[in-house]
Amino acid sequence: MKIKSYYSRTVEDAMAAARQEMGPDAMLVNSRKAPPEVRHLGEYEVVFANVGPAEAAAEASLKLPGERNEPIPLPQANLNDRLSTEVAELKKELAGMRHAITRTAYAPAQWIGVSQDQSDAYATLTAAELPAELAREIVQAAGDRLNGPRLPPGRATSKTDASAFQRALAEEISSRFTTEATLGRSPALPRIVALVGPPGSGKTTTLVKLAVNYGLAARRPVLLLSMDTHRVAAADQLRSYAAILGVGFQLLETVSSLAQTIEENRGKELIFIDTPGLAYGDLQDSESLAHFLATRVDIDTHLVLPASMKAADLSRMVDAFEILRPQHLLFTKLDETRCYGPIFSEAARSGKPLSFFAAGQRIPEDLEAASPERVLEMVLPGAAGRARSAA
Ligand SMILES: Nc1nc2c(ncn2[C@@H]2O[C@H](COP(=O)(O)OP(=O)(O)OP(=O)(O)O)[C@@H](O)[C@H]2O)c(=O)[nH]1
Ligand SMILES: [Mg+2]
């Protein structure tokens, strides 16, 4: 058996070299970061083994009669260790490549001179799926907050300490969105809240969560209304919840009956209106509801959107739903994604405050009020903690 160490920049390069020299059967036996004394030869030491045909035959001839010619199994623990080391190395390599790629993307001619902090921040923001252009704008503006106006291309920004840049970055991000975890457009009663959004975005579920958390839990008289006559049994879901919660419920077919029901229930404190899921193409056919919601200054309309939706589709939805003039953006299904950048970028782009977040199906637990700290943490993990410890 031939055993040989290869030193190279990546495990993959070592594998290519070993296969070329030892043949396609070269087997990776071990890999590790090269010890410092040989680091100049390559970042990794990767050990390969090769059992040539002659040795294989010799090994076979040493077998006792009756002994089966099977490979000796490696102890499972060793195999697992080796695999997890290799996976960890590969992960590290991938993370390095990702960082390198995002840095390269950040370095067209006019961006020469950005600091390391800025390029790291750009990588973090784009990893959270902020659009590249917005991420650039933010890190540049954060740099300007520290260093004054932008320097001409080619001149490096002055060196500042990393925590000052992180603070400037957090301030810049925070200046671009607002949160408003409120129900109703004025303190006057009743507070009337309508939830609108694309099909299946979580309107009905969230409406019940809100009714429980902000109505029943505070002993406020609540009324649930549904305009969802589009699908058979769609309103039954809300009717059942109303029955379980012991609150009033009505299904209404027209906006005039909706207006009349609101009038008749002025004594309630909270009135929630559920609406049918409107797909992109349905919005034009919902003229009467759109006109009603857009013109009623006493109705607080929250556009309910799944956080798991692709960023481009989210933007398209926010624009399309503008005919209903929603006052708030409410994001659901935060549990279905790890990339929260689009929540921030839609709030920044539309200028609409974020109201509530839902991160699960459980009623009423999986609901939280949107807060600046939470949104900041979504786009800049660790920022909220750093701000607390600096305070
Ligand atoms: N994972 C997850 N699922 C959710 C969340 N909110 C709602 N859902 C689920 O999404 C599905 C659709 O929820 P609904 O509340 O019926 O959505 P809707 O917007 O009223 O749907 P339509 O009335 O058909 O337009 C249900 O299975 C909910 O349990 C959430 O925050 N996370
Ligand atoms: Mg519904």
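Note that the structure is predicted; figures quoted are calculated from it, not measured.

## Comments concerning helix 1 (residues 11-22)
Move 1: Taking 1.5 Å per residue, twelve residues should reach 16 Å; helix 1 reaches 16 Å between its end C-alpha atoms and fits that length.
Move 2: Within helix 1, the full set of buried residues consists of Val-11, Ala-14 and Ala-18. One face of helix 1 carries all of its buried residues, which in axial projection span an arc of 55°.
Move 3: With its phi angle positive at about 95°, Gly-23 sits one or two positions after the end of helix 1.

## Things to note about the packing of helix 12 (residues 341-350) against helix 13 (residues 372-379)
Move 1: Orientation of helix 12 relative to helix 13, taken along the N-to-C sense of each, is 120°, at an axis distance of 8 Å. Here helix 12 lies oblique to helix 13, going by the angle between them. For the element pair helix 12 and helix 13, the recorded crossing hand is left-handed. Taking contact as the criterion, the partners of Gly-341, Ile-343 and Phe-344 in helix 12 are, on helix 13, Val-375, Met-378 and Val-379.
Move 2: Of the residues belonging to the contact of helix 12 with helix 13, the class tally is five nonpolar, one polar and no charged.

## What to know about the confidence of the model for the chain
Move 1: Confidence in the prediction of the chain, expressed as mean pLDDT, is 84, and 83% of residues score 70 or more.
Move 2: Below a pLDDT of 50 lies the segment residues 54-74, which in the model reaches five contacts outside its immediate sequence neighbourhood of four places, other chains included.
Move 3: A low-confidence stretch, residues 152-157 stays under pLDDT 50, and its non-local contacts, those more than four residues away or across chains, total 14 contacts.

## Quick notes on the nonpolar core
Move 1: Grouped together as the largest cluster of nonpolar side chains are 77 residues, with contacts concentrated most on Leu-169, Leu-224, Phe-272, Phe-331, Phe-344 and Val-379.
Move 2: Two domains each donate at least three residues to this core, and these are domain 2 (112-174) and domain 3 (191-370).
Move 3: Beyond its immediate chain neighbours, meaning those up to four positions away, Phe-344 contacts Leu-130, Phe-177, Val-375, Met-378 and Val-379.
Move 4: Of all hydrophobic cores here, the second largest spans eight residues; its members include Val-11, Ala-14, Ala-26 and Phe-48.

## Quick word on the site of ligand 1
Move 1: Ligand 1 sits among 20 residues. The nearest are Gly-202, Thr-204, Thr-205, Gly-277 and Ala-358.
Move 2: Top contributing element to the shell around ligand 1 by residue count: helix 7 (residues 203-215), with three residues.
Move 3: Along the lines of polarity and charge, the residues of the shell around ligand 1 split into four nonpolar, ten polar and six charged.

## Side note on the pairing of strand 5 (residues 222-226)
Strand residues, when the strand is regular, have side chains that alternate between the two faces of the sheet.
Move 1: The element strand 5 is largely enclosed, with a buried count of five among its five residues.
Move 2: Where burial is concerned, the two faces of strand 5 agree: the one with Val-222, Leu-224 and Ser-226 and the one with Leu-223 and Leu-225 are both buried.
Move 3: Relative to strand 7 (residues 270-274), strand 5 runs parallel, the two being bridged by five bridges. The residue of strand 7 that forms the bridge with Leu-224 is Phe-272.
Move 4: Regarding topology, helix 8 (residues 234-245) serves as the crossover connection from strand 5 to the parallel strand 6 (residues 248-251), and that connection is right-handed.

Procedures and definitions
Residues numbered from 1 in each chain as written. Chains lettered and ligands numbered in written order. Predicted model: local features only at pLDDT ≥ 70, side-chain atom pairs only at ≥ 80, totals over all residues. Helix = DSSP H or I, 4+ residues; strand = E, 2+ residues; numbered from the N terminus. Expected span 1.5 Å × (residues − 1). Buried ≥ 20, exposed ≤ 12 C-beta atoms within 10 Å, placed from the backbone. Arc of directions from axis to C-beta. Axes fitted to C-alpha atoms, helices over the stretch in contact; angles between N-to-C directions. Parallel < 35°, antiparallel > 145°, perpendicular 65-115°, else oblique. Left-handed = near helix turned anticlockwise from the far one by under 90°. Contact = placed C-beta atoms within 7 Å. Nonpolar A, V, L, I, M, F, W, Y, C, P; charged D, E, K, R; others polar. pLDDT = per-residue confidence, 0-100. Core = buried A, V, L, I, M, F, W, Y, C linked by C-beta atoms within 7 Å. Domains from an automatic or database assignment. Near = placed C-beta within 6 Å. Pairing = 2+ DSSP bridges. Right-handed = clockwise from strand over helix to strand, strands pointing away.

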